[in-house]
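# Structural overview for review
What follows is the residue order along each chain.
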Amino acid sequence: LAVALLAENNASQAWASADLLLLTEITLPRGDPYALHDAINKFAAAVEARDLSSAERLAYGRLLDQAGSWDACHEVMSQLVAASPNNVALVTTWCEMQLKRGEVGNVETLLRDLDERDPAVKRVRARLFALTGRDDRAVELIRALVPPSEAENRIAAVVSLARLLEALTLDNEAERDYRAAC
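The shown structure was predicted, so the numbers you read here are calculated from the model rather than taken from an experiment.

Conventions used here
- Residues numbered from 1 in each chain as written.
- Predicted model: local features only at pLDDT ≥ 70, side-chain atom pairs only at ≥ 80, totals over all residues.
- Heavy atoms only, no water.
- Helix = DSSP H or I, 4+ residues; strand = E, 2+ residues; numbered from the N terminus.
- Phe/Tyr/Trp six-rings, centres within 6.5 Å; stacked < 30°, edge-to-face > 60°.
- Buried < 20%, exposed > 50% of the residue type's maximum accessible area, 1.4 Å probe, protein only.
- Contact = heavy atoms within 4.5 Å.

### What to know about the environment of D118
Turning to its location among the elements, D118 is positioned in the loop between α7 (107-111) and α8 (119-131). For the pair D118 and V88, spaced 30 residues apart in the sequence, the C-alpha separation amounts to 8.3 Å.

### As for the packing of aromatic side chains
By the definition in use, this model includes two aromatic pairs. Taking the centre distance of 5.4 Å and the plane angle of 5° together, the rings of F43 and Y60 count as stacked. Pair noted here: F43 is in helix α3 (residues 33-49) and Y60 is in helix α4 (residues 54-67), with a separation of 17 residues, a long-range link.

### Remarks on the side chain of D65
Here D65 lies in helix α4. A relative accessible area of 8% places D65 in the buried class. With residues up to four places along the chain from it excluded, the contact list for D65 reads W70, C73, M97, K100 and R101.

Here's what the structure looks like:
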């Protein structure tokens, strides 16, 4: 229904920026290949009509990544990161996409100029360590993200970080952290 309303709003022109971004947020979690392909086509039409903003290009890259269009995603994201190499959210998103595919070569270079204290940078670096067999460093970085015991959101943070450990197939460490949270 939401996508139909967006399509109705944009029927006679190229899609507006806000509508493209909303379409991305609706489409990505659905995992529907048809909807994904349709959203990518709308972005492709927008590219032909005008220059996309950084937020739109990031959304386009995310759609291409989920669709498995790696070459196109690589092109979009590489250009985007080259234009904003110090944008932590953008660079870490691009690094995550590469790590998801087991491509570790460029990630270290991309992270080099970012603030190592940033939690997003630590998460990406932990994934990089886990993928390169340095599990102990991955666990160390992830546990450094846990807030102090008196923090209000400590249990939620521990559970979130334990899920990250699970995603990195560090199950024993994840179980230990889950037990610590309970």
